Amino acid sequence: MILKLYDKGNRAEDIEIVAGLLENGGIIIFPTDTTYAIGCLAMKERAVERTCRIKNIDPKKHNLSVICYDMSTVSRYAKMDNSVFKLMKRNLPGPFTFILNGSSQLPKIFRSRKEVGIRMPDNAVIMEIAGRLDAPLMTATLPHEPDEDIGYLTDPGLIHEKWGNTVDLVIDGGYGGTEGSTVVDCTGGYAEIVREGKGTLIE
C-alpha cells in the first residue's frame, strides 16, 4: 500500500490511517529531511524486532534511533543536561541524530544498549504523524546492498516496488535525498560529531 501525503493540507483521515496502522504494530516507510526511512512505533517491541529483522541488525549490538515530536518528548525518553538541551534546541528540527543516554521510559529492547539516537526531522509529513502519536517512532535507514545504486531510494514509487510487500505502508512524500544525517554523540556530556552528514551543527 502506498499513500500520498503533503507538507500541508493532508486529510485528517489519511493521518489517522497511518497512526492506526502504527498503533497496531505496523511498519512503514516514510520521508525525512535526509533519506527515506523505515520504522514503527517504538513502544511496540514486536514491531521493532520485525524492523530489525528487515534491516538484518541485532538490536543488542546496534544503537537504535527514534523520532520525537518535540523536546518535551525527548526529555521523557533520553537524559540530557542543560548544555545538550540548548544545543539540540538550536539545531532541531534538522538533519541530525543526537546520541543520548536512554531513560527507563524506553522499551527494554532499546535499554539493552543504554543509548538512543534522537531524530527530529525537518520534514512536515513525518512530523505531522509524530505529532498525532503519543510515543516516539523508531527510525532506521532503508537497507540496501553495498554495491546497489541508492538512487532508487529517492523515489517513493520505486521504493514501493521493492518494499511494498515487506512493510505495511509506504508514504509518498515526494522525492527524497541520499545523504544521511550528521550524527552527534552527547553521551559524554559534550558534543562529538561521529559522522558528517547533511547537517552543519550550530554550536
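Attention here is on the structure that accompanies the text. (Residues numbered from 1 in each chain as written. Predicted model: local features only at pLDDT ≥ 70, side-chain atom pairs only at ≥ 80, totals over all residues. Heavy atoms only, no water.)

1. With respect to the layout of surface pockets
To find leftover empty space, a probe the size of one water molecule is rolled over the atoms. Its volume calculated, the largest pocket comes out at about 560 Å³. S65, T139, A140, T141 and R195 are the residues nearest the centre of the largest pocket, which is lined by 22 residues in total. Top contributing element to the lining of the largest pocket by residue count: strand 8 (residues 137-141), with four residues. Residue composition of the lining of the largest pocket, by class: eight nonpolar, eleven polar and three charged. (1 Å grid on protein atoms, 1.4 Å probe; cavity = no way out; pocket = protein on both sides within 12 Å on 5 of 7 lines; lining within 4 Å. Points joined across faces, edges and corners; volume = space filled by probe spheres on them. Helix = DSSP H or I, 4+ residues; strand = E, 2+ residues; numbered from the N terminus. Nonpolar A, V, L, I, M, F, W, Y, C, P; charged D, E, K, R; others polar.)

2. Observations concerning the packing of helix 1 (residues 12-23) against helix 6 (residues 124-132)
Interaxial distance between helix 1 and helix 6 falls to 10 Å at its minimum, and their mutual angle equals 60°. The angle between the axes of helix 1 and helix 6 places the two elements in the oblique class. For the element pair helix 1 and helix 6, the recorded crossing hand is right-handed. Counting all contacts with helix 1, which are made through I15, E16, V18, A19, L22 and E23, the residues of helix 6 involved are E128, I129 and R132. (Axes fitted to C-alpha atoms, helices over the stretch in contact; angles between N-to-C directions. Parallel < 35°, antiparallel > 145°, perpendicular 65-115°, else oblique. Left-handed = near helix turned anticlockwise from the far one by under 90°. Contact = heavy atoms within 4.5 Å.)

3. Examining the packing of aromatic side chains
The geometry of an aromatic ring pair comes down to the distance between the two centres and the angle between the two planes. Under the defined criterion, the tally for this structure stands at one aromatic pair. With 6.0 Å between their ring centres and 35° between their planes, F96 and F98 make a pair best called tilted. In terms of burial, F96 and F98 fall into one category: buried. (Phe/Tyr/Trp six-rings, centres within 6.5 Å; stacked < 30°, edge-to-face > 60°. Buried < 20%, exposed > 50% of the residue type's maximum accessible area, 1.4 Å probe, protein only.)

4. A word on the environment of A135
By the element assignment, A135 lies in the loop between helix 6 and strand 8. Considered as a pair, A135 and K79 are 56 residues apart in the sequence and their alpha carbons are 16 Å apart.

5. Notes on the pattern of salt bridges
Counted under the stated rule, the structure contains eight salt bridges. Between E13 and R11 there is a salt bridge whose closest N-O contact spans 3.4 Å. A relative accessible area of 45% places E13 in the partly exposed class. Given the relative accessible area of 47%, R11 is considered partly exposed. Three or more residues joined by partner-sharing salt bridges are found here, namely R11, E13 and D14. (Salt bridge = Lys/Arg side-chain N within 4 Å of Asp/Glu carboxyl O.)

6. Digging into the pairing of strand 6 (residues 94-102)
Within strand 6, eight of the nine residues are buried, leaving the element largely enclosed by the surrounding structure. Pairing of strand 5 (residues 78-79) with strand 6, which is carried by two bridges, proceeds in the antiparallel orientation. Bridging across to strand 6, A78 finds its partner in G102. Of the pairings in the sheet, the one linking strand 6 to strand 10 (residues 182-185) comprises four bridges and is parallel in character. Note on strand 10: the bridge partner recorded for F96 is T182. (Pairing = 2+ DSSP bridges.)

7. As for helix 7 (residues 156-163)
Within helix 7, the full set of buried residues consists of P156, I159 and W163. Relative to the axis of helix 7, the buried residues are bounded by an arc of 55° and lie together on one face. Considering only its buried residues, helix 7 is in contact with strand 1 (2-4), strand 2 (27-30), helix 2 (45-55) and strand 9 (169-172). A distance of 2.8 Å separates the backbone nitrogen of G157 from a side-chain oxygen at the start of helix 7, and that oxygen is part of D155. (Arc of directions from axis to C-beta. Polar contact = N/O pair within 3.5 Å; in protein donor to acceptor, adjacent residues only side chain to side chain.)

So, to be careful, I would describe these as geometric facts and stop short of saying anything about function.
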